[in-house]
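Residue-level listing of the chains:
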Amino acid sequence: MSTINSQDDDDTFKILIATDIHLGYLEKDPVRGNDTFVTFDEILDHAQKNEVDFVLLGGDLFHENKPSRKTVHSCLESLRKYCMGDRPVQFEILSDQAVNFHYSKFPWVNYQDRNLNISIPIFSIHGNHDDPTGADALCALDILSCAGLLNHFGRSASVEKIDISPILLRKGRTKIALYGLGAIPDERLYRMFVNKQVTMLRPKEDEDSWFNLFVIHQNRSKHGATNYIPEQFLDDFINLVVWGHEHECKIAPSQNEQQRFYVSQPGSSVVTSLSPGEAVKKHIGLLHVKGKKMKMQKIALETVRPFHMEDIVLADHPDLFNPDNPKVTQAIQAFCMEKVELMLDNAERERLGNPRQPQKPLIRLRVDYTGGFEPFSVHRFSQKYMDRVANPKDIIHFFRHREQREKNENDLNFGKLVSRPSEGTTLRVEDLVKQYFQTAEKKVQLSLLTERGMGEAVQEFVDKEEKDAIEELLKFQLEKTQRFLKERRTDAEEEKIDEEVRKFRESRKKNTEEEDEEVREAMTRARANRSEDAVLVAASSDEELMDMGVKGSGDSDDGLPATLTRGRGRARGRARGARGQNSTARGSSRRGRGSTSQESATSSRTYKPVSAPAKNMSILDVFRSSKREPSLSSSKSYSEDIIDDDSDLEDISIVPSYKANQRMPTTSSLSKRGSQSQTSRGVDFESDEDEFDPFQSTPTSRRRK
């Protein structure tokens, strides 16, 4: 790594580098709730005092995908405090900003906006914690970008091919090509690198004169066969890689001997897991770039809560602990207390030299009790340190190495499945799903879905709170399998159908790109469901408020008593639309005419739709039912049957009870057609509480008449 002699001339870039700030982590904790906000404030304070040209963030600015109002407010407060001002920006952008920020409504860098006064621009990619989600694929960084406080770059528009176009910066005679790639699932990005689907574009003119800086947010250490990104996948023309996502601070640039570029891993600015990697002193970097030379200056963070960690192996102290001694547990507890007190003393000595450091440290004592020892009560032990440490419930961590023993080959290897990972190891949900089905018995294996698709759906359900992810994936795969069987004209025999389904599933497992497309389509459906549910809930809330406002005011048109509560949603709108019909229709469409308020309440309840529970049908049952009903064989032919309009039931009149009973099969068939239409559309209408079912109100209407 080349050094720089003059660091403050007109040709030198000064860049503050930080990653994984995780704003909002444990924000509800009474002790640690403000740690991330205080440290973020310190980072921006360093940027202002060192008069940097810009700040470069490597992802995971926020800890949650949907940060709270407190977190967003604190972030905006710090950005406005330190990044806005009259100090002029000394560098210029030469690249086409419409390409660099093509997904933004304001496709230009914020300091060039004439309505803003930016003194320190911030460039940031997104991480796996704050990545774009939802029907509109937005993330928290897009909110900051729209507000003009941050420049979100490195977002890929395609999942089939990635072209990384750099932001070209120039200050004096120094030119920087800034590349960025936001977080992408590691296995997918690994496969795209192998298939040569990732391209880093270079400037056409004088490409060797640029200092190439690349920011990435992926697994650097190997967590599986393809669950990481090897450094040799990256192009060798890069000069420096800023690697986010890994929390251990290794900010001093280290050279890759094969590709010859340098890698800097700033690590996180807050302790999010009590692991050895987090115990390393936290730093940010001040990068100086002049021409093709660079220098990284480490800046220690003073407001980070101190974290001390130590390991104990009880079997290594046979002179102190004998598992046959009845009082060995008390001896172990006393020994652990001595270790904790020693770590507290060390933390206090460090804090005396730094008054900005939080008072209560994080303490972790890992105890390996392999060898016949028994753990003591962690809860009782933690009570002694409630006022002295920031994590009293997590001070002691007992673990032991699993002893190997012979197992029957046919038994399910639960040991392999639930083996305790070392702390600091990232264990993903999709990995657990894959491990489970790889070791599970044949009778519990998946017959329709693939392990990979199921794992990604569960991951979306857990991490992004996509509550419909698994359901929509099941629906999508079922529809696709049904179409496949119909195209093959398979006989309605269970053995043949099972064989065709098995072949279809194996072909999908081999075609990973098609499987990725299926998962994306299912996730898009789930997000569309969530968006529609939110709209319906908001509309329902608004109408409830309106109902409360009109309660007791009366309605001269409807002739309702002043004490009655009006109907909700579409039911009310359609009742009004039924004026001018015969008296039977009008009487049944309205609620509570000539009845007491108690009857009206009962009638209100009967208008609420009753969602029939979905029947668990096998593939054979579905296939046979489709054979019996040729008119429903094509999803396209009946997808238009449901008309979501307030006037679709105006001409329905409620008949006497004996006629209603004759019409009930028609109702069930309509319900069946409607449910299939909803499946083909990918929209779940069962959550619509405002749906109006005229047949449901028939018994109540008869009693009133």
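Residue indices begin from 1 for each chain and proceed along its sequence in written order. Local features in this predicted model are restricted to residues whose pLDDT is 70 or higher, and side-chain atom pairs enter the listing and the counts only when it is 80 or higher, whereas totals over whole chains, interfaces and linings include all residues. Hydrogens and waters are ignored; side-chain quantities use all the structure's heavy atoms.

## With respect to the pairing of strand 14 (residues 283-290)
Within a regular strand, the side chains alternate between the two sheet faces. This is how it is decided: Only protein chains enter the accessibility calculation, which uses a 1.4 Å probe. A residue is then buried if its area is under 20% of the maximum for its type, exposed if over 50%, and partly exposed in between. Numbering of helices and strands runs from the N terminus; a helix is a DSSP stretch of H or I covering at least four residues, while a strand is a stretch of E covering at least two. Should DSSP find at least two bridges between two strands, the strands are regarded as paired.
Most of strand 14 is tucked away, with seven of its eight residues classed as buried. Direction of pairing for strand 1 (residues 12-18) relative to strand 14: antiparallel, over a ladder of six bridges. By the bridge assignment, Leu16 is partnered in strand 14 with Leu286. Relative to strand 15 (residues 293-300), strand 14 runs antiparallel, the two sharing eight bridges. Along strand 15, the bridge assignment pairs His288 with Lys295. Joining the antiparallel neighbours strand 14 and strand 15 is a turn of two residues, in which Gly291 adopts a positive phi near 65 degrees.

## Considering the nonpolar core
Going by this rule: Here, the term nonpolar core denotes a set of buried Ala, Val, Leu, Ile, Met, Phe, Trp, Tyr and Cys residues that are joined through side-chain atoms within 4.5 Å.
Counting 31 residues, the largest nonpolar core has Leu16, Leu61 and Leu79 as its most contacted members. Of all the secondary-structure elements, those providing two or more residues to this core are strand 1, helix 1 (35-49), strand 2 (54-57), helix 2 (69-83), helix 4 (140-146) and strand 14. For this core, the element with the highest residue contribution is helix 1, accounting for five residues. If you look at the next biggest cluster of nonpolar residues, it comprises 28 residues, including Ile15, Ile17, Ile118 and Phe211.

## Thoughts on the sheet that holds strand 5 (residues 151-152)
Strand order in the open sheet made by the six strands is 5-4-2-1-14-15, with mixed pairing throughout. Of all the strands in the sheet, just strand 5 and strand 15 have a single pairing partner and so form its edges. Across two bridges, the pairing between strand 4 (residues 122-124) and strand 5 is parallel. Considered in strand 5, the bridge of Phe123 is made with Asn151.

## As for the pairing of strand 2
The alternating pattern of strand 2 places Phe54 and Leu56 and Val55 and Leu57 on opposite faces, both of which are buried. In this sheet, strand 2 lies alongside strand 1 in parallel orientation, the contact comprising four bridges. Bridge assignment links Ile15 to a residue of strand 2, and that residue is Phe54. Relative to strand 4, strand 2 is paired through three bridges, and the arrangement is parallel. Each bridged residue has a counterpart across the sheet, and for Leu57 the counterpart in strand 4 is Ser124.

Nothing here speaks to function; it is all geometry.
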